[in-house]
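Tertiary structure, described
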Amino acid sequence: MRGKTVKDVLIVEDQRMMRESMENYIRQSGRYRLAASIANAGLAESCCERQPVDLVLMDVCTENDESGFEATRKIKARFPNIRVIIVTSMLDCGYLSRAREVNADSIWFKDASQEELMNVVDRTMNGESVYPDRTPQVQLGYAGSYEFSEAELRVLRLLVEGMTYRQMAEALGVSADTVKAHVSSMLSKTGFTSKTKLAAVVISKKLIVNGF
């Protein structure tokens with residue numbers, strides 16, 4: 001029944017309060033119907049297989065460490081007509097590009113108001129791809145995250161994975177001295193005295209989320 005006016009929505013969210021809020025948004029809209037609401041992204045593909053789904057509201061980090069990005073990739077490969085909106089509380093600087101890589105139709109943030117989020121839903125269902133210009137800025141010591149260069153962010157992503165200078169250099173195809181220079185630059189900008197402190201703050205602020 002793809003010609004129906006009311007669209008069926010699958011919610012994938014492991015935080016109970018947020019899941020219930022999104023369920024209420026859908027029920028109150030009058031334009032959408034709740035098809036299912038689950039906590040584990042690993043089950044999303046089978047839900048789309050078993051029942052009609054027009055839209056998925058997909059969290060990134062879900063129950064049992066299942067990735068919403070991976071679930072989105074699978075859904076869009078098998079069901080290209082299903083729209084997927086990544087809805088995340090994470091501020092990871094790489095999430096916008098990751099969402100595009102897995103063909104998510106849109107991405108938005110959980111702290112959005114009901115009106116704002118449903119506006120993104122409507123625009124997405126009308127064929128628009130809705131992405132913010134960039135993730136919200138995160139303060140790291142004396143510096144804002146926008147002050148880091150793309151090269152520094154690439155080093156930072158590997159740093160939070162616990163890589164050594166040599167391992168980061170090999171992964172990025174640059175010299176260890178180049179990696180050290182990027183780390184030194186970031187320490188100078190933030191005022192932190194060690195790369196361990198830098199990595200810890202980056203993780204705590206969710207600028208980079210390891211494993212997702």
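Presented here is an overview of the structure given in this document. (Residues numbered from 1 in each chain as written. Predicted model: local features only at pLDDT ≥ 70, side-chain atom pairs only at ≥ 80, totals over all residues. Heavy atoms only, no water.)

Before going further, it helps to examine the overall build of the chain. For the chain, the count of helices and strands is nine helices and seven strands. When its C-alpha atoms are laid out on the principal axes, the chain stretches across 60 × 30 × 30 Å. Split into buried and exposed, the 212 residues of the chain put 48% on the buried side. Of the contacts made within the chain by residues no fewer than 6 positions apart, 65% connect residues no fewer than 24 positions apart. Split by element, the accessible area of the chain, about 10,700 Å² in all, is 46% carbon and sulfur. In the chain, 28 side chains carry a positive charge and 28 a negative one; their mean positions are 1 Å apart. (Helix = DSSP H or I, 4+ residues; strand = E, 2+ residues; numbered from the N terminus. Buried < 20%, exposed > 50% of the residue type's maximum accessible area, 1.4 Å probe, protein only. Contact = heavy atoms within 4.5 Å. Areas by Shrake-Rupley, 256 points an atom, 1.4 Å probe, with all protein chains shown as cover. Lys, Arg positive; Asp, Glu negative; His and termini not counted. Charge placed at Lys NZ, Arg CZ, Asp CG, Glu CD.)

This next bit is on the packing of helix H1 (residues 16-29) against helix H5 (residues 114-125). Where H1 contacts H5, the two axes come as close as 11 Å, and the packing angle between them is 70°. Relative to H5, the element H1 lies roughly perpendicular. As for the relative orientation of H1 and H5, their crossing is right-handed in sense. When H1 is examined against H5, the residues Met22, Tyr25, Ile26, Gln28 and Ser29 are found in contact with a partner set consisting of Gln114, Leu117 and Met118. (Axes fitted to C-alpha atoms, helices over the stretch in contact; angles between N-to-C directions. Parallel < 35°, antiparallel > 145°, perpendicular 65-115°, else oblique. Left-handed = near helix turned anticlockwise from the far one by under 90°.)

By the definition in use, this model includes two aromatic pairs. Judged by centre distance (5.1 Å) and plane angle (80°), the rings of Phe69 and Tyr95 are edge-to-face. Note that Phe69 is positioned in helix H3 (residues 68-78) and Tyr95 in helix H4 (residues 95-101), a separation of 26 residues in sequence. The buried category is assigned to Phe69, whose relative accessible area is 1%. Note on Tyr95: relative accessible area 2%, which makes it buried. Geometrically, the ring pair formed by Trp108 and Phe109 is tilted, given 6.3 Å between the ring centres and 45° between the ring planes. The class of Trp108 is buried, set by a relative accessible area of 15%. Of note, Arg100 hangs over the ring of Tyr131, and the distance from its end group to the ring centre comes to 4.0 Å. (Phe/Tyr/Trp six-rings, centres within 6.5 Å; stacked < 30°, edge-to-face > 60°. Lys NZ or Arg CZ within 6 Å of the ring centre and 35° of its normal.)

Taken in spatial order, the five strands make up an open sheet running E2-E1-E3-E4-E5, and their pairing is parallel. Each of the sheet's edge strands pairs with one partner strand only, and the pair in question is strand E2 (32-38) and strand E5 (106-109). With strand direction ignored, the average angle separating the axes of adjacent strands in the sheet is 20°. Inspection of the sheet shows strand E1 (residues 7-12) paired to E2 by six bridges, in the parallel sense. In the strand pairing of E2, Val9 is matched with Leu34. Contacting E1, E2, strand E3 (55-58), strand E4 (83-88) and E5, H5 runs over the sheet at an angle of about 155° to E4. (Pairing = 2+ DSSP bridges.)

One finds Leu10, Val56, Met58 and Ile75 to be the most contacted residues of the largest nonpolar core, which totals 28 residues. Elements with a minimum of two residues in this core: E1, E2, helix H2 (44-50), E3, H3, E4 and H4. With sequence-adjacent residues up to four places away left out, Met58 is seen in contact with Val12, Ala41, Ala44, Gly68, Ala71, Thr72, Ile75, Val84, Ile85, Ile86 and Val87. Leu153, Val160, Leu187 and Ile208 belong to the second-largest nonpolar core, a separate cluster that totals 23 residues. (Core = buried A, V, L, I, M, F, W, Y, C linked by side-chain atoms within 4.5 Å.)

Turning our eyes to something else, we now look at the pattern of salt bridges. All told, the structure shown has twelve salt bridges when counted by the stated rule. The shortest N-O distance in the salt bridge between Lys110 and Glu13 comes to 2.7 Å. Note that Lys110 is positioned in the loop between E5 and H5 and Glu13 in the loop between E1 and H1, a separation of 97 residues in sequence. Take Lys110 and Glu13: they sit in the same class, and that class is buried. With its nearest N and O atoms 2.4 Å apart, the salt bridge here joins Glu70 to Arg73. With Glu70 and Arg73 both in helix H3 and three residues apart, the pair spans about one turn of that helix. (Salt bridge = Lys/Arg side-chain N within 4 Å of Asp/Glu carboxyl O.)

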